[in-house]
Amino acid sequence: MALRTIRQLDVANKRVLLRADLNVPRREGKILHDYRIKMLVPTINYLLEQNSKIILATHIGRPKPQQEHDFVTHPLSTRMLVSWFKEHGFAIEYESNLEQAQHLSHEKPQTILLLENMRFFEGEQKPSSSFAQQLCNLADIYINDAFGAAHRTDTSLTLVPKLFDKKSKGIGLLIEREMSELERLQHTPDQPFILVLGGCKIGKKIPIIDHFLSQKAHRAEHVLLGGAIALVFLKVQGLFQTTLEIEPASLAWAETLLKKATHKQINLHLPLDLVWHGHDSTQLQTTSVQELGKSTISVVDIGPQTIELFTEKIKNAATIFANGPMGIYENKTSQKGTRDVLTAIADAEAFAIIGGGDIVAAAHTFGVADRINFCSTGGGATLAYLAAQDPHQQLSGLMHL
């Protein structure tokens, strides 16, 4: 069943609990990249035009539940978001106490009411019907626009929407756009379709490789692997030892996928060379993977031969999906692989989508984000959505809308 969008709901003059994902990259209390906030702005503007009272809820980081008196000084308090909204012309007030928030929810409809970090509340990550009811009491309408968290089971994403009737809940404009863009990858993408995967969180990457190797209608013609995930496949091949801790299940899956790619004649490309340093040295070296031996090393980037191979494949692609950086892009000495691959994606004539906090942040860092067709606000959610047979039923945050 299609999800109801915000445009299909009667939100005029109503209190709207807007669950967002404003888990932005930050350092020392400052926002480094505001892409996720900007992507939420169309939904906010639509609600303000309808004279809706917005009660804005989000999580930031992975804090432990806090005592109320610790809220305002905690580095992951949502108070850090207030200045951004004010600088961009929005009236906003912050409230950490949910009882007080209930009173404020009936006042000043043109002023956004920002709640404290959802994960400060004990009932958020541990299923809590009482916490869900507290949030429900704040609003007449529930809108989920937190695509980046749509695969999670937090109370504000799963239990709260159950308390609203069908005509009083739906998705925002951000999720609507995410689904529209990602559908182009789910249904017969133009070939050659190139899948570019890097970064860590290996367990979340392997299912999507399996999916795009298995589905005939939208099978990837080339899979380019960099970052930590490539090390799993290289380890399976016995080329070297890595300092990365790898679960046995990931190694078993990687071995299976290598065999599947060979059987289905899909080109799965691993790094030809790597940039690395040993435990006893901070000096970087670039070495062919065939020459690494079995010394234990710490890999920080893909090497020039790999960059040349990957960029050539990307240049000839018709459709591209990329998730995760090729190395430690935050450091100038190990950012070349990620920068060059992203630049190649931006320069390509292909329809391209990138997804995941790190790769989207890197695209903004290197000034190429505006030349890529779509930057998804999801990481794990984007991968789960693409790999699911029925995304609405597979993503926890969409199941009860």
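Before going into details, it helps to say that this report is about the structure given with it. These numbers were taken from a predicted model, which means no experiment stands behind them.

Right, let's get into unusual backbone geometry. For the bond running from Gln 191 to Pro 192, omega is 0 degrees, close enough to zero to count as cis. Looking at where Pro 192 falls in the secondary structure, it is placed in the loop between helix H7 (173–186) and strand S9 (193–197). Even without a glycine there, the phi angle at Asn 13 is positive, about 60 degrees. The class of Asn 13 is exposed, set by a relative accessible area of 58%. Positioned with a positive phi, Lys 108 is a non-glycine residue whose angle comes to about 40 degrees.

Regular strands have side chains that alternate between both faces of the sheet. Counting buried residues in strand S4 (residues 53–57) gives five out of five residues, a clear majority hidden from the surface. Here S4 shows a buried face lined by Lys 53, Ile 55 and Ala 57 and a second buried face lined by Ile 54 and Leu 56. Examined bridge by bridge, strand S1 (residues 15–19) and S4 share five bridges and lie parallel to one another. In the strand pairing of S4, Arg 19 is matched with Ala 57.

In this section: the pattern of salt bridges. By the definition in use, this model includes 12 salt bridges. One salt bridge connects Glu 176 with Arg 7, and the closest N-O pair in it is separated by 2.8 Å. Linking Glu 176 in helix H7 with Arg 7 in the segment before S1, this pair joins segments that are 169 residues apart in sequence. Its relative accessible area of 26% is what places Glu 176 among the partly exposed residues. The residue Asp 140 makes a salt bridge to Arg 15 at a minimum N-O spacing of 3.4 Å. Separated by 125 residues along the polypeptide, Asp 140 in the loop between helix H5 (129–136) and strand S7 (141–144) and Arg 15 in strand S1 bring together distant segments of the chain. On the basis of relative accessibility, which here comes to 31%, the residue Asp 140 falls in the partly exposed class.

Moving on, we get to the sheet that holds strand S17 (residues 351–355). Taken together, six strands build an open sheet; the order of strands is S12-S10-S9-S16-S17-S18 and the sheet is parallel. On the outer flanks of this sheet lie strand S12 (267–269) and strand S18 (374–376), each paired with one strand and no other. Each strand of the sheet is rotated relative to its neighbour by a mean of 15 degrees, with strand direction disregarded. Pairing between S9 and strand S10 (residues 222–225): four bridges, direction parallel. Residue pairing across strands places Leu 197 opposite Leu 225, the latter belonging to S10.

All right, on to the nonpolar core then. Membership of the largest hydrophobic core comes to 140 residues, with the highest contact counts inside it found for Leu 56, Phe 85, Leu 115, Leu 225, Phe 233 and Ile 320. Among the elements that make up this core, the one with the highest residue count is helix H1 (residues 35–49) (nine residues). Once residues lying within four places of it in the same chain are set aside, the contact partners of Phe 233 are Ile 209, Leu 225, Ala 254, Leu 257, Leu 258, Leu 268 and Leu 270.

Turning next to the sheet that holds S4. Reading across the sheet, the six strands line up as S5-S6-S4-S1-S7-S8 and stay open at both edges, with parallel pairing between neighbours. Only two strands of the sheet have a single partner each, and these edge strands are strand S5 (91–95) and strand S8 (169–171). For this sheet the average axis-to-axis angle between neighbouring strands, irrespective of direction, equals 25 degrees. The sheet contact formed by S7 and S8 spans three bridges and is parallel. Within S8, the residue paired with Tyr 142 across the bridge is Lys 169. Most of the contacts of H1 go to S1, to which it runs at about 175 degrees, and overall it touches S1, S4 and strand S6 (111–115).

The next point concerns the side chain of Thr 382. Its place among the elements puts Thr 382 in helix H14 (residues 380–387). Note on Thr 382: relative accessible area 0%, which makes it buried. Looking at Thr 382, its side chain comes within polar contact range of the main-chain oxygen of Gly 378, at 2.9 Å.

Every second residue of S10 is oriented toward a common face, with His 222 and Leu 224 on one face and Val 223 and Leu 225 on the other, all of them buried. With three bridges connecting them, S10 and S12 associate as parallel partners. The partner of Val 223 across the bridge, within S12, is Leu 268.

Direction vectors running N to C along helix H8 (residues 202–214) and H14 enclose 25 degrees, while the axes themselves pass 9 Å from each other. Taken together, H8 and H14 sit at an angle that is classed as roughly parallel. In the packing of H8 onto H14, the handedness of the crossing is left-handed. Of H14, the residues touching H8 (which contributes Lys 204, Lys 205, Pro 207, Ile 208, His 211 and Phe 212) are Gly 380, Leu 383, Leu 386 and Ala 387. For the contact of H8 with H14, the class distribution of residues is six nonpolar, two polar and two charged.

Cut-offs applied
Residues numbered from 1 in each chain as written. Predicted model: local features only at pLDDT ≥ 70, side-chain atom pairs only at ≥ 80, totals over all residues. Heavy atoms only, no water. Helix = DSSP H or I, 4+ residues; strand = E, 2+ residues; numbered from the N terminus. Buried < 20%, exposed > 50% of the residue type's maximum accessible area, 1.4 Å probe, protein only. Pairing = 2+ DSSP bridges. Salt bridge = Lys/Arg side-chain N within 4 Å of Asp/Glu carboxyl O. Axes fitted to C-alpha atoms, helices over the stretch in contact; angles between N-to-C directions. Core = buried A, V, L, I, M, F, W, Y, C linked by side-chain atoms within 4.5 Å. Contact = heavy atoms within 4.5 Å. Polar contact = N/O pair within 3.5 Å; in protein donor to acceptor, adjacent residues only side chain to side chain. Parallel < 35°, antiparallel > 145°, perpendicular 65-115°, else oblique. Left-handed = near helix turned anticlockwise from the far one by under 90°. Nonpolar A, V, L, I, M, F, W, Y, C, P; charged D, E, K, R; others polar.

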